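Fold and contact review
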Amino acid sequence: MTDTTDDIAEEISFQAFEDDCRLLGSLLNDVLQREVGQQFTEKVERERILSQSACNMRIAGIEDAAEVLEKKLALELSSMTLEEAASFARTFSHFLNLMGIAETHHRVRRIKNTIQLSKSCDDIFSKMIQSGTSPEDLYNAVCEQEIEIVLTAHPTQINRRTLQYKHLRIAHLLEYNDRADLGHEEREMLIEDLRREVTSLWQTDELRRHKPTPVDEARAGLHIVEQSLWKAVPHYLRRVSAALKKHTGRPLPLTCTPIRFGSWMGGDRDGNPNVTAKVTRDVCFLARWMAADLYIREIDSLRFELSMNRCSDELAKFAYEILEAECNDGESQLPILEFPVTDHSDSFESGHNAESSVTLLKSSLSRNSEKYDDGKLDVNVRTINVSTNASSSGSGTGTPSASSTAGFGFSSPRKKTSEFNVGKSIFDKILNPNITQRPDFAPYRIVLGHVREKLITTRRRIEEILEGIPCDYDPSQYYENSAQLLEPLMLCCESMQSCGSDILADGRLADLIRRVSTFGMIYQILVDQESGKHSETLDAITEYLDMGTYSEWDEEKKLEFLVTELKGKRPLVPPTIEVSAEVREVLDTFRVAAELGSESLGAYVISMASKASDILAVELLQKDARLAVSGELGRPCPDNTLRVVPLFETVKDLRGAGSVIRKLLSIDWYRNHIIENDNGLQEVMVGYSDSGKDSGRFTAAWELYKAQEDVVAACKEFGIKVTLFHGRGGSIGRGGGPTYLAIQSQPPGSVMGTLRSTEQGEMVQAKFGLAQTAVRQLEIYTTAVLLATLHPPDPPRSMNWREVMEKISEVSQQYYRSIVYENEQFLEYFREVTPEAELGNLNIGSRPTRRKKSSGIGHLRAIPWIFAWTQTRFVLPAWLGIGAGLEAACAKGYKEELQAMYREWPFFQCAIDLIEMVLAKSDLSIAKHYDEVLVSPSRQKLGEELREAFRMTEKYVLLVSGHEKLTENNKSLKRLIESRLPFLNPINMIQVEILRRLRGDVNNQKLRDALLITINGIAAGMRNTG
């Protein structure tokens, strides 16, 4: 029933799906009988049957009978006590969640059991070769692909992370249940495990009792990486590589990563005062800590696996140097070891006094006994007695550890002999014995032990930074960036390949290299701030310097000032400047960006950008902070400056996007900066949420299309490449929809091997929560971008099509705004008919629901705007105005033209299909019930007018698409929707009654909790929120 996964048009096995639903439903019934009682369980079943009967009548077209049954159901539910209604809502909510788990599981099952999935790399590569794409072009296009998926924390994930984990556990048990080799006893044990999980679900509070902090949200994002993406990425890259090798003869290079990940969690401060410079800094270090921790686990497994002795000369030399540094570290008097030299001498220096048995990495060096295989050194292990200093006779062995080799040979105030192994417990020493205590060892293990200890030091250093403890590690003792970590891993891989061990190199080691190449230090955090904050900051600076008020200057004067300062070499902001707390926070953010660099912070996004000066202002503040920080550190700031990305959100700003980019690129300093700092790549972000709330979904879609065309043309005029960053939400009303469909409907030339896109809220869990679904989504991103690059979608066939679109858009926008912004009754109607006012109690996000303290629609964020209408099953923002626009076009005689546009133009077809999907998921009878119970009689007429607009939209969408009924071309979706209605409809009815009671008793906490339970249940049934 989801409108956001890419497999909605793919068939699933409904027999197996229904079997799993029955299994999970029966287990929930068992739990209810045990926890609540037989009487309650029987009543639940009676109401479910009544709801099912009403649904069957409506599906069969017997509207009168369906209405009678629905009224009877609503009456019975409204007469319940509060405690009983809350338990009913919880029960149906859990049923819907369990059905969702079963549905996801069956999509995973289909992925596993299908030899060649539609839209997979193998499928698309094969079709492209058959259609005339040369293997060389295909190979280069895949290898040069640059996609970034940006995970965001927009408050649309309704479920607590505890419940998400339990749902995943049930999904894994269902997968295990599919095994044909399970014996009777094993299957009974599995059913008991499922029963325990369902019991645990029922006994767990599904409500968040506290609002999450930005750091909490960031931890949730990191959890997705650890939970599924960590496993999915190597699997996905192996699929890409295998398909490339099959169709072009060459595999994907090991360090080539078509897809990377970014995150807005902890960096998106637009309208969120809870995201501060300190939060961004802490989240960056938290991500680095997680990266180090995950890499340590992989290294531990890899060390166990790579036990071989044969290696290249280069690796043997590196391993020997590690041992040599270990033996010479600090006050240790362990042997100084010499690597075999060209004359093959067999020499080493020994210490004094005491003797110990030291295991040394040594090769057979005698010319007469050289042992080479294909010219490569065969490393042997040899035990040699040497003398060392010991603190007491016979007691000190002086044996260094291979896992303690990080930073050997470097002095540090913190690293003296007894302190060097700080944090290394006796238990750890047992698990990881010193190399010199082992009877055998291998060069790969020495090198990986060295890597492990540097990672441990990296992790420890981050902990101390986060705790505010002064730390003074030598940079050679820890990893500052992923390139440093990649170097020894590639050395190991190249060594194995040179020794003929390709099959070993292509195992766990290759997967680790791919992870490092893809994730780096997990992902880059993107910073986001509203353009007005930068103007306020420059106002404070220019006023302090007696230069006037920056925001009062015209655009040309601003640009002249900014370019002059950007060309200069002195800092602009005096260290002694006194500013307000808000301005200080902006300046502190730029300082953090200067300190951390682009390895941690990928881009600086400017929301509500509308002028060229908005971008140059950020460039100047960024430059100034880097000058100040480098002066304090006495060295250059790390990495390059952050990419500065303007975000065009409103319809007005979208219309001016191309002009802004042209103005920017006409400035010599800026154009040269883009070429030198960003490899000649201009990045532009387009926003779907605010444009949709501003003018309606259809107008927003058309303005986004035109804006992308204009931006691409502007960059092409100046010979600059462009990457478009799509700020898509999860729901249709905020630009959501199937990834493949969305990418394939972009303007020609807008996707030239590069793409950035957000994945928000519950969509992160839905698409990437399981490794199998994550692999599928990553493949879909890759193949969709590949097709859009090599075989771009068709543009409008004629100017006439554009004229038709302009007509539809104009009428659609006028109708939408006449209702939402110009109808005096609408605001109160919206507050009465939806639970918008109560959504703030959900505690599902750290960001306020409004940008400013205003009760109007204008300052309401797009997410609660969509969320509220989704709860009533009316989903008004996704379709309002479209029917009026299509009706006007048909009245002008464009009916056949519209039908041709639907058949031949991917963009228009996508727009219509998504609207049809939204209409199919809406329910007029439920929306009418909200009106009848909650809306004052004087405003109920507006509700009827809106429902009539819905019917008109449905009529003309079907006319354009040529379908007789909604979802006619997607019977799987239709059946999934129908299977949920018997559980979803009662929750809506319970919500209506609770809202009625709550508005007469606003301080009743039990009523508030019950309402939140219904909100959770409806979100589970609709499978998206905002």
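Once a new chain begins, its residue numbering starts again from 1 and follows that chain's sequence as written. Since the coordinates come from a predicted model, pLDDT governs what is reported: local features require at least 70, and pairs of side-chain atoms require 80 or more to be given and counted, while whole-chain, interface and lining totals use all residues. Where side-chain values are given, they derive from all heavy atoms of the structure, hydrogens and water being excluded.

Re the layout of surface pockets
Condition: Detection works on a 1 Å grid of protein atoms alone, calling trapped sets that fit a 1.4 Å probe cavities and calling open sets with protein on both sides within 12 Å along at least five of seven lines pockets, with lining residues defined by an atom within 4 Å of a point. Grid points are joined across faces, edges and corners, and a volume is the space filled by probe spheres set on the points. Helix and strand assignments come from DSSP, with helices taken as H or I runs of at least 4 residues and strands as E runs of at least 2, each series counted from the N terminus. Under the scheme applied here, ten amino acids are nonpolar (Ala, Val, Leu, Ile, Met, Phe, Trp, Tyr, Cys and Pro), four are charged (Asp, Glu, Lys and Arg), and all others, including Gly, are polar.
Considering only enclosed or pocket space, the largest pocket measures out at about 1300 Å³ in volume. Looking at the largest pocket, it is lined by 46 residues, and the ones nearest its centre are E146, R260, R643, N679 and R756. Looking at the lining of the largest pocket, the elements that each hand over two or more residues are strand 1 (146-152), strand 2 (259-263), helix 14 (482-498), helix 15 (502-519), helix 24 (697-717), strand 11 (721-727) and strand 12 (754-760). For the lining of the largest pocket, the element with the highest residue contribution is helix 15, accounting for four residues. Looking at the lining of the largest pocket residue by residue, the classes come out as 18 nonpolar, 17 polar and eleven charged.

Structural notes on a nonpolar patch on the surface
Rule in force here: Here the term patch refers to residues with relative accessible area over 30% and no salt bridge, with like charges joined within 9 Å and nonpolar side chains (Val, Leu, Ile, Met, Phe, Trp, Tyr) within 5 Å. Exposure was quantified through the Shrake-Rupley algorithm and a 1.4 Å probe, taking into account, for residues, occlusion by the shown protein chains and nothing else. Any Lys or Arg side-chain nitrogen located within 4 Å of an Asp or Glu carboxyl oxygen qualifies as a salt bridge. Buried residues are those whose accessible area, probed at 1.4 Å on protein chains only, stays under 20% of the maximum for their type, while exposed residues exceed 50% and partly exposed ones sit between those limits.
On the surface, Y544, L545 and M547 cluster together to form a nonpolar patch covering roughly 230 Å² of accessible area. Mapped onto the fold, Y544 is located in helix 16 (residues 531-544). Y544 sits in the partly exposed class, given a relative accessible area of 37%.

Things to note about a negative patch on the surface
What counts here: The positive count covers Lys and Arg only, the negative count covers Asp and Glu only, and His and the chain ends enter neither. By convention, the charge on Lys lies at NZ, on Arg at CZ, on Asp at CG and on Glu at CD.
Side chains of D313, E314, E487 and E494 sit close together on the surface and give a patch of like negative charge. Those elements giving two or more residues to the negative patch turn out to be helix 11 (313-328) and helix 14. One can find E314 in helix 11.

With respect to empty space enclosed by the protein
The method is simple in principle: a probe with the dimensions of a water molecule rolls over the atoms, and the space it marks as empty is what remains. Of the volumes computed, that of the second largest cavity is approximately 330 Å³. Residue lining of the second largest cavity: 24 residues in total, with Y688, A701, F907, C910 and L914 positioned closest to the centre. For the lining of the second largest cavity, the secondary-structure elements that each account for two or more residues are helix 24, helix 25 (739-744) and helix 33 (906-921). No other element matches the six residues that helix 24 contributes to the lining of the second largest cavity. Looking at side-chain class alone, the lining of the second largest cavity contains 16 nonpolar, six polar and two charged residues.

What to know about helix 3 (residues 63-78)
Under the convention used in this document: To estimate how far a helix should reach, multiply one less than its number of residues by 1.5 Å. In this context, the arc is that of the directions from the helix axis out to the C-beta atoms. Residues count as neighbours in contact if any of their non-hydrogen atoms are within 4.5 Å of one another.
For helix 3, spanning 16 residues, the distance from its first C-alpha to its last is 22 Å, which sits close to the expected 22 Å at 1.5 Å a residue. Among the residues of helix 3, those classed as buried are A66, E70, L73, A74 and L77. When helix 3 is viewed along its axis, its buried side chains cluster within an angular range of 100° and face the same direction. Along helix 3, exposed side chains directed more than 90 degrees from the buried face belong to D64, V68, K71 and L75. The inward-facing, buried residues of helix 3 contact helix 2 (38-59), helix 4 (82-113), helix 34 (924-934) and helix 36 (971-998).

Here we look at the nonpolar core
Condition: What we call a nonpolar core is a set of buried Ala, Val, Leu, Ile, Met, Phe, Trp, Tyr and Cys residues that are connected through their side-chain atoms within 4.5 Å.
Counting residues in hydrophobic clusters, the biggest one holds 159 residues, and the most contacted among them are I522 and L616. With residues near it in sequence (within four places) discarded, L616 still touches L559, L562, V563, L566, L664, I667, W669 and Y670. Counting 134 residues, the second-largest nonpolar core is a separate cluster that includes V31, A102, L839 and M901.

Looking at the sheet that holds strand 1
What counts here: DSSP calls a pair of strands paired once it identifies at least 2 bridges connecting them. Here an axis means a line fitted to C-alpha atoms, over the contact stretch when the element is a helix, while the angle between two N-to-C directions is reported on a 0 to 180 degree scale.
Taken in spatial order, the eight strands of this closed barrel run 1-2-7-8-9-10-11-12, and their pairing is parallel. Neighbour to neighbour, the strand axes of the sheet diverge by 25° on average, direction disregarded. Direction of pairing for strand 9 (residues 643-648) relative to strand 10 (residues 681-687): parallel, over a ladder of two bridges. Pairing of F648 across the sheet is with V686, part of strand 10. Its contacts with the sheet place helix 19 (residues 612-633) against strand 8 (601-607) and strand 9, and it is angled at close to 150° to strand 9.

A look at the packing of aromatic side chains
Basically, it comes down to this: Each pair of aromatic rings taken from Phe, Tyr and Trp, with Trp reduced to its six-membered ring, is defined by centres within 6.5 Å and is described as stacked if the planes are under 30 degrees apart, edge-to-face if over 60, and tilted in the remaining cases. Charge-over-ring contacts are defined here by two conditions on Lys NZ or Arg CZ: a distance within 6 Å of the ring centre and an angle within 35 degrees of the ring normal.
Scanning all chains against the criterion turns up 32 aromatic pairs. Aromatic pair W553 and F561: ring centres 5.3 Å apart, planes at 80°, arrangement edge-to-face. We note that W553, like F561, is buried. Measuring from centroid to centroid gives 4.5 Å for Y705 and F907, while their planes differ by 40°, and the two rings are tilted. In this pair, Y705 is assigned in helix 24 and F907 in helix 33, connecting sequence segments 202 residues apart. Note on Y705: relative accessible area 2%, which makes it buried. Accessibility expressed as a relative area gives 9% for F907, which makes it buried. Through successive ring pairs, a cluster of aromatic residues spans F826, Y829, F830, W865, W869, F874, W879 and F950. A cation over a ring is seen here: R90 above W202, with NZ or CZ 4.2 Å from the ring centre. Note that R817 overlies the ring of Y821, its terminal NZ or CZ placed 4.3 Å from the centroid.

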